[in-house]
Amino acid sequence: MTRVLVIGCGVIGMTTALRLRESGVDVHIVTREQPAATTSAVAAAIWWPYRVAPFERVAAWANHTWDVFARLADEAPESGVSLVELTYLEAEDGEPPSWLDHRHQPSQLATADVPDGFAMGYRARVPMIDTPIYLAWLRDRLEANGVNIEEREIGHLDELLDEASWLVHCAGLGAREVARDTTMFPIRGQVVRVRTPERVWMVGDTTEPAYVLARADGCIVGGTTDEGVEDLTPSATTTEAILDRCRDLVPELADAEIIETRVGLRPGRPAVRLEVEIRGDTRVLHNYGHGGAGFTLSWGCADEAVALVHG
């Protein structure tokens with residue numbers, strides 16, 4: 001049986017490890033931090049190809065992932081995945097994104113329904129992922145399939161070359177150190193979790209993003225996209241700016257109780273890296289650089305990774 005060592009335990013690493021194990025591969029995960037401590041755990045997590053390239057490959061990965069999430073929403077609601085009607089608002093008039101298709105059942109908002117400050121909007125059916133539930137569900141499936149998760153600090157890929165015939169590298173922003181990838185950059189995202197009875201799924205695309213996404217544990221309100229910023233300390237000023245933007249869209253947030261504020265660093269890169277590299281006698285499959293679309297591309301990239309290992 002082929003032995004594979006997966007590096008990283010965010011949504012990309014866990015999804016890829018699970019698909020590999022289901023394909024008959026002996027899989028072991030090595031990670032610097034447990035799933036609940038990764039950037040994936042901070043994500044608002046709706047299906048949306050955001051801050052990621054190249055378009056041609058992204059569209060295929062995203063649509064494949066949409067199909068998997070749709071099945072999970074129907075067949076495994078305990079996974080924390082559901083299909084919701086998202087309202088999306090654009091600051092400038094134009095066409096809807098080209099990757100929207102019949103799956104999403106898109107419909108354009110009437111002019112009277114578009115909030116002030118936006119030029120157009122539409123509704124689309126998209127998967128929403130309740131991250132605490134979903135990451136725990138992924139981990140449970142890994143454990144049920146006999147996949148171990150080992151916490152270990154890794155300085156460089158070469159340290160692991162003798163441990164497996166394949167290394168599957170899903171370290172996210174950690175690729176800067178683990179693979180010495182100088183093209184990686186952080187995209188700082190701050191979100192606020194508030195207590196509100198409203199069930200709202202809304203995204204406004206302006207200079208600063210504004211989104212309100214309901215989950216079982218509260219409503220995730222965001223956010224920021226600060227490229228090159230690595231500070232993980234939540235900013236009170238930023239929190240208030242986020243809430244101000246989102247209250248304009250959802251007035252019901254005016255008196256919402258703040259539960260917590262969190263910060264994550266999205267793994268920015270000019271393009272996703274999904275390819276095989278030969279290092280000595282070991283094959284290294286890189287699967288990282290998903291920007292703001294880790295959940296959105298997770299199953300598509302995982303299944304392509306499986307095909308590369310078996311191919």
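Model, not experiment: these values are computed from the prediction.

Cut-off values and rules
- Residues numbered from 1 in each chain as written.
- Predicted model: local features only at pLDDT ≥ 70, side-chain atom pairs only at ≥ 80, totals over all residues.
- Heavy atoms only, no water.
- Helix = DSSP H or I, 4+ residues; strand = E, 2+ residues; numbered from the N terminus.
- Rg over C-alpha atoms; globule rule 2.2 N^0.38 Å.
- Buried < 20%, exposed > 50% of the residue type's maximum accessible area, 1.4 Å probe, protein only.
- Contact = heavy atoms within 4.5 Å.
- Areas by Shrake-Rupley, 256 points an atom, 1.4 Å probe, with all protein chains shown as cover.
- Lys, Arg positive; Asp, Glu negative; His and termini not counted.
- Charge placed at Lys NZ, Arg CZ, Asp CG, Glu CD.
- Core = buried A, V, L, I, M, F, W, Y, C linked by side-chain atoms within 4.5 Å.
- Phe/Tyr/Trp six-rings, centres within 6.5 Å; stacked < 30°, edge-to-face > 60°.
- Pairing = 2+ DSSP bridges.
- Axes fitted to C-alpha atoms, helices over the stretch in contact; angles between N-to-C directions.
- pLDDT = per-residue confidence, 0-100.
- Patch = residues over 30% accessible without salt bridge, like charges linked within 9 Å, V, L, I, M, F, W, Y side chains within 5 Å.
- Salt bridge = Lys/Arg side-chain N within 4 Å of Asp/Glu carboxyl O.

### Structural notes on the overall build of the protein
Counting secondary structure elements, the protein contains 6 helices and 15 strands. Taking 19 Å as the expected radius of gyration for a compact globule of 311 residues, we find that the protein reaches 19 Å, a close match to that expectation. Overall, the C-alpha framework of the protein stretches about 60 × 40 × 35 Å when taken along its three principal axes. Taken over 311 residues, the protein has a buried fraction of 55%. Within the protein, residue pairs in contact and separated by at least 24 positions form 75% of the contacts whose partners lie at least 6 positions apart. Accessible surface for the protein amounts to roughly 13300 Å². Of this, 47% is attributable to carbon and sulfur atoms. Within the protein, the 48 negative side-chain charges are centred at a point lying 4 Å from the centre of the 28 positive side-chain charges.

### So, the nonpolar core
Among the nonpolar cores identified, the biggest contains 88 residues, and V6, L20, L72, Y134, L297 and W299 are the most heavily contacted of them. Ranked by the residues each element gives to this core, the list is headed by helix α2 (residues 55–75), at 8 residues. With sequence-adjacent residues up to four places away left out, Y134 is seen in contact with V11, F69, L72, S79, V81, I129, F295 and W299. Core analysis: the next-biggest nonpolar cluster, separate from the first, contains 11 residues, V30, L161, V178 and V284 among them.

### Structural notes on the packing of aromatic side chains
The final tally for this structure, using the stated rule, is 5 aromatic pairs. For the pair W48 and Y88, a centre-to-centre distance of 4.7 Å together with 40° between the ring planes defines the contact as tilted. Taken together, the positions of W48 in the loop between β2 (26–31) and α2 and Y88 in strand β3 (residues 81–90) put the pair 40 residues apart, joining distant regions of the chain. With centroids separated by 6.1 Å and ring planes inclined at 50°, the aromatic side chains of Y134 and F295 adopt a geometry described as tilted. Remark: F295 occurs in helix α6 (residues 294–310) and Y134 occurs in helix α3 (residues 131–144); sequence separation between them is 161 residues. Y134 sits in the buried class, given a relative accessible area of 0%.

### Observations regarding the sheet that holds strand β7 (residues 166–169)
The 6 strands lie next to each other as β6-β2-β1-β7-β15-β14, forming an open sheet whose pairing is mixed. The strands lining the two open edges of the sheet, one partner per strand, are β6 (148–151) and β14 (273–279). In this sheet, neighbouring strand axes are inclined to one another by 20° on average, regardless of whether the strands run parallel or antiparallel. Direction of pairing for strand β1 (residues 3–7) relative to β2: parallel, over a ladder of 5 bridges.

### What about the confidence of the model for the protein?
Chain-level pLDDT for the protein is 93 on average; 99% of the residues reach the 70-or-more range. For the protein, the element scoring lowest by mean pLDDT is strand β9 (residues 201–205), at 77; helix α1 (residues 11–22) scores highest, at 98.

### Some thoughts on a nonpolar patch on the surface
Together, V276, I278 and L308 make up an exposed nonpolar region whose accessible area comes to about 230 Å². Given the relative accessible area of 54%, I278 is considered exposed.

### Some words on the environment of V221
Position of V221 relative to the elements: it lies in strand β11 (residues 218–222). Counting along the chain gives 29 residues from V221 to V192, while the straight-line C-alpha distance between them is 5.1 Å. What V221 contacts, discounting residues up to four positions off in sequence, is V191, V192, V194, Y211, I242, L243, C246 and L253.

### Observations regarding the pattern of salt bridges
Under the defined criterion, the tally for this structure stands at 27 salt bridges. Measuring nitrogen to oxygen at the nearest pair gives 2.5 Å for the salt bridge that ties E22 to R141. Of this pair, E22 sits in helix α1 while R141 sits in helix α3, placing them 119 residues apart in sequence. The closest approach of N and O atoms between E163 and R152, which form a salt bridge, is 2.9 Å. Of this pair, E163 sits in the loop between β6 and β7 while R152 sits in the loop between β6 and β7; the two residues are 11 residues apart in sequence, bridging distant segments of the chain. Note on E163: relative accessible area 29%, which makes it partly exposed.

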